[in-house]
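Working through the structure, step by step
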Amino acid sequence: MEQQLVDNAAQPASLSFQTDDGIFLSYSVQGEGFPLLLVNGLGNLKEAWADTAQAFLRYFKVICYNLRNQGKDVSNHGVGYDFNRHVADLKCLISTLGINCFCGIGISTGSRLLADYAVQHPAQVRSLVLMGVSAERFATRYQVIFESWLRALQ
């Protein structure tokens, strides 16, 4: 009988961490080295970073996580919170992992989250790549867009 070898290093360990208000968010860690956080936008899950994570495994410990209200279980995640709630959630992840300093790549909401985090905790952020970052002044516009999507889905 032929034995198949499975490369477990290529499979991210899927875990969860608890935020300071008691909810659990899913995250994954792959590789070794300096921490690199990949932060997705509202329309994606941490799994959307799979190919990107693979490309960086040679150089970094790659960490991805689902933001609040993303993933399979979003019970008790709440609604109507401000953006600082996402920053506090990221702070909990970083604390859970014992990270002192990291690099980050974000897209859309993930970019804004990383930028806001860097402003509040500059000593923990070595460098950032921000793609499609938005500002608070666009929040009302995005709220209208998301509400129209919800109505269409209903």
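Residues numbered from 1 in each chain as written. Predicted model: local features only at pLDDT ≥ 70, side-chain atom pairs only at ≥ 80, totals over all residues. Heavy atoms only, no water.

**Some remarks on the packing of helix α2 (residues 83–97) against helix α3 (residues 109–120)**
What counts, and what does not: Convention adopted: a line fitted to C-alpha atoms gives each axis, helices being fitted over their contacting stretch, and angles between N-to-C directions are expressed from 0 to 180 degrees. Segments assigned H or I by DSSP are reported as helices when at least four residues long, segments assigned E as strands when at least two residues long, and all are numbered from the N terminus. Relative orientations are named as follows: roughly parallel for angles under 35 degrees, roughly antiparallel for angles over 145 degrees, roughly perpendicular for angles from 65 to 115 degrees, and oblique for any other angle. When checking whether two residues touch, look at their non-hydrogen atoms; a contact exists if any pair is within 4.5 Å. Gly falls in the polar group here, along with every residue not listed as nonpolar (Ala, Val, Leu, Ile, Met, Phe, Trp, Tyr, Cys, Pro) or charged (Asp, Glu, Lys, Arg).
Relative orientation of the contacting elements α2 and α3 amounts to 75°, with a least axis distance of 9 Å. With respect to α3, the axis of α2 lies roughly perpendicular. Of α3, the residues touching α2 (which contributes F83, N84, H86, V87, L90, K91 and I94) are T109, R112, L113, L114, D116, Y117 and Q120. Here the residues of the contact of α2 with α3 are counted per class, giving seven nonpolar, four polar and three charged.

**Overview of the pairing of strand β5 (residues 102–107)**
Each regular strand displays side chains that alternate between the two surfaces of the sheet. For clarity, the threshold we go by: Think of it in three bands: residues with accessible area under 20% of the maximum for their type are buried, residues over 50% are exposed, and the middle band is partly exposed, with areas taken using a 1.4 Å probe on protein chains only. We treat two strands as partners when DSSP finds at least two bridges between them.
Burial runs high along β5: five of the six residues are buried. Strand direction decides the pairing type here: strand β3 (residues 34–39) and β5, joined by four bridges, are parallel. Bridge pairing links V39 to G106 in β5. Note that β5 and strand β6 (residues 125–131) share six bridges and pair parallel. Paired with I107 across the two strands is M131, which belongs to β6.

**What to know about the packing of aromatic side chains**
This is how the line gets drawn: Aromatic contacts are taken between Phe, Tyr and Trp rings whose centres are within 6.5 Å, Trp giving its six-membered ring; a plane angle under 30 degrees counts as stacked, one over 60 as edge-to-face, and the others as tilted. Ring-over charges, as used throughout, are those where CZ of Arg or NZ of Lys falls within 6 Å of the ring centre and within 35 degrees of the ring normal.
A full pass over the atoms with the stated rule returns four aromatic pairs. With centroids separated by 6.2 Å and ring planes inclined at 65°, the aromatic side chains of F17 and Y65 adopt a geometry described as edge-to-face. Taken together, the residues span a long stretch of sequence, with F17 in strand β1 (residues 13–18) and Y65 in strand β4 (residues 60–65) at a distance of 48 residues. On the basis of an interplanar angle of 55° and a centroid distance of 5.8 Å, the ring pair of F102 and Y117 is categorised as tilted. Separated by 15 residues along the polypeptide, F102 in strand β5 and Y117 in helix α3 bring together distant segments of the chain. Cluster of aromatic residues (ring-pair linked, three or more members): F17, Y27 and Y65. Here the basic side chain of R112 rests over the ring of F83, its NZ or CZ set 4.0 Å away from the ring centre. Above the face of the F34 ring, R126 is positioned so that its terminal group lies 4.0 Å from the ring centre.

**A word on the environment of L130**
With respect to the helices and strands, the residue L130 is situated in strand β6. Residue L130 is classed as partly exposed on the basis of its relative accessible area, which comes to 35%. Distance from L130 to S111, taken between C-alpha atoms, is 4.8 Å for residues 19 residues apart in sequence. Look past the residues within four positions of L130 in its chain and what remains in contact with it is G106, S111, L114 and A115.

**What to know about the side chain of N40**
Our working rule: Contacts described as polar in this section are N or O atom pairs within 3.5 Å, which, within protein, must combine one atom able to donate a hydrogen with one able to accept it, while residues neighboring in sequence count only if both atoms come from side chains.
Relative to the assigned elements, N40 resides in the loop between β3 and α1 (50–56). Given a relative accessible area of 1%, N40 falls into the buried group. Within the structure, the side chain of N40 is placed 3.0 Å from the backbone oxygen of N44, a separation counted as a polar contact. Within the local environment of N40, its side chain forms a polar contact with the side chain of Q70, the two groups lying 2.9 Å apart. Among residues more than four places away in sequence, those in contact with N40 are L45, K46, W49, Y65, L67, Q70, I107, T109 and G110.

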